[in-house]
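Fold and contact review
The chain contents come next:
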Amino acid sequence: SYYRKSHAITQRDLGPEHFDNAVYYSNYANCFLGQGNYLEALHNYSEARDRYFKKFGKNHMNVLIATHNIAEAEYFLGNYQKALQYCEEGKEIAKKIFTEEEQIQASILEISGLCKLEQGDLDSALSLFERSLQIKQRKLDHGHPDFSYTYLGLGRIYMERKDYELALENFD
C-alpha cells in the first residue's frame, strides 16, 4: 500500500520511534476501523498515541484525539469498561487543554453514552447524550451532520425505555 511504502521510508530515514510515525499509525488505524478490524485499529491507535505522548506530553490535542480513537475501538470490540476508562482519560485531558467544552468532548460523551447504553444504564446514557447535544448546539450550526449521530443515540435510548414517541422524535 502507499501508506506502507511511505512509512517504510520514514522508518528507514528517521527511525521507528520518530514522531512522524504516529501519523502513519493513525492512518492505518482509520483504515482498519473502516474495515471493521477493530483489534488492528486499536493496536495502531495505541502506537500513534505512544508517539504523540512522547513528543507532546499528556495534555495535547493529538494525545486527546488518539485517546478518543482508542475508546471508540474498545467500544466496537465490546470492551465497554476499557472504553469508559479511555473516555474518562480523554475528559481529563480535554479539561486541561480547553477553556470551554469542544466538539471532541461531545464525541467522548457519546462513546461513554453508548457504553452505558450497552451496559443497560439508560439514565446515564441519556444524561451523557443530552450533554453532548448541549455542546453541539453551542458549537455547531443548526442542521450540521454531526447532530444525526446524537439524535440516533437519543432515539436508541428512548426506544430501549419503550418511549416510542420520543424515539421517533429523535429519529425524525
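Scope of this entry: the structure provided in the associated data block. (Residues numbered from 1 in each chain as written. Predicted model: local features only at pLDDT ≥ 70, side-chain atom pairs only at ≥ 80, totals over all residues. Heavy atoms only, no water.)

Further remarks concern the overall build of the protein. A count of helices and strands for the protein gives nine helices and zero strands. Put simply, the protein runs from its N terminus to its C terminus through helices and strands in the order α-α-α-α-α-α-α-α-α. Projecting the C-alpha coordinates of the protein onto the three principal axes gives extents of approximately 60 × 35 × 30 Å. Here the protein holds 172 residues, and 41% of them are scored as buried. Partitioning the intrachain contacts of the protein with sequence separation of at least 6 by distance along the chain shows that 54% fall at a separation of at least 24. For the protein, the exposed surface amounts to about 9,600 Å²; the carbon and sulfur share of it is 49%. (Helix = DSSP H or I, 4+ residues; strand = E, 2+ residues; numbered from the N terminus. Buried < 20%, exposed > 50% of the residue type's maximum accessible area, 1.4 Å probe, protein only. Contact = heavy atoms within 4.5 Å. Areas by Shrake-Rupley, 256 points an atom, 1.4 Å probe, with all protein chains shown as cover.)

The contact between helix 5 (residues 80-97) and helix 6 (residues 103-118) brings their axes to 9 Å, and the two run at 155°. As summarised for this structure, helix 5 and helix 6 are arranged roughly antiparallel, according to the angle between their axes. By crossing handedness, the relation of helix 5 to helix 6 is classed as left-handed. Here Y80, A83, L84, C87, G90, K91, A94 and K95 of helix 5 lie close against helix 6, whose contacting residues are Q105, I108, L109, I111, S112, C115, K116 and E118. For the contact of helix 5 with helix 6, the class distribution of residues is nine nonpolar, three polar and four charged. (Axes fitted to C-alpha atoms, helices over the stretch in contact; angles between N-to-C directions. Parallel < 35°, antiparallel > 145°, perpendicular 65-115°, else oblique. Left-handed = near helix turned anticlockwise from the far one by under 90°. Nonpolar A, V, L, I, M, F, W, Y, C, P; charged D, E, K, R; others polar.)

As a further point, take unusual backbone geometry. A positive phi angle, close to 65°, is found at K162, a residue other than glycine. In this fold, K162 is placed in the loop between helix 8 (146-160) and helix 9 (164-171). With relative accessibility at 59%, the residue K162 sits in the exposed group.

Attention shifts here to the pattern of salt bridges. Per the counting criterion, the structure on display carries 13 salt bridges. R51 is paired through a salt bridge with E17; the nearest N and O atoms lie 3.3 Å apart. You can see R51 sitting in helix 3 (residues 38-56) and its partner E17 sitting in the loop between helix 1 (2-14) and helix 2 (21-35), a full 34 residues away along the chain. For E17, a relative accessible area of 46% corresponds to the partly exposed category. Residues participating in the shared-partner salt-bridge network are E17, E47, R51 and K54. (Salt bridge = Lys/Arg side-chain N within 4 Å of Asp/Glu carboxyl O.)

On the surface, Y149, L152, M159, Y164, L168 and F171 cluster together into a nonpolar patch covering about 590 Å² of accessible area. Broken down by secondary-structure element, the contributors of at least two residues to the nonpolar patch are helix 8 and helix 9. Within the secondary structure, Y149 is located in helix 8. Residue Y149 is classed as partly exposed on the basis of its relative accessible area, which comes to 40%. (Patch = residues over 30% accessible without salt bridge, like charges linked within 9 Å, V, L, I, M, F, W, Y side chains within 5 Å.)

Here the focus is helix 6. Here helix 6 contains 16 residues, and its C-alpha end-to-end distance of 23 Å stays within 8% of the 22 Å for a straight helix at 1.5 Å per residue. Within helix 6, 12 of the 16 residues are buried, leaving the element largely enclosed by the surrounding structure. The inward-facing, buried residues of helix 6 contact helix 4 (61-76), helix 5, helix 7 (122-139) and helix 8. Taken from the residues just after helix 6, G120 is the one with a positive phi, measuring 85°. (Expected span 1.5 Å × (residues − 1).)

Right, let's get into the environment of H68. Tracing the backbone through its elements, the reader meets H68 in helix 4. Put simply, H68 and I108 are 40 residues apart on the chain and 6.4 Å apart in space, counted from C-alpha to C-alpha. Beyond its immediate chain neighbours, meaning those up to four positions away, H68 contacts I104, S107, I108 and I111.

Spatial relationships are all this shows, so hold off on functional conclusions.
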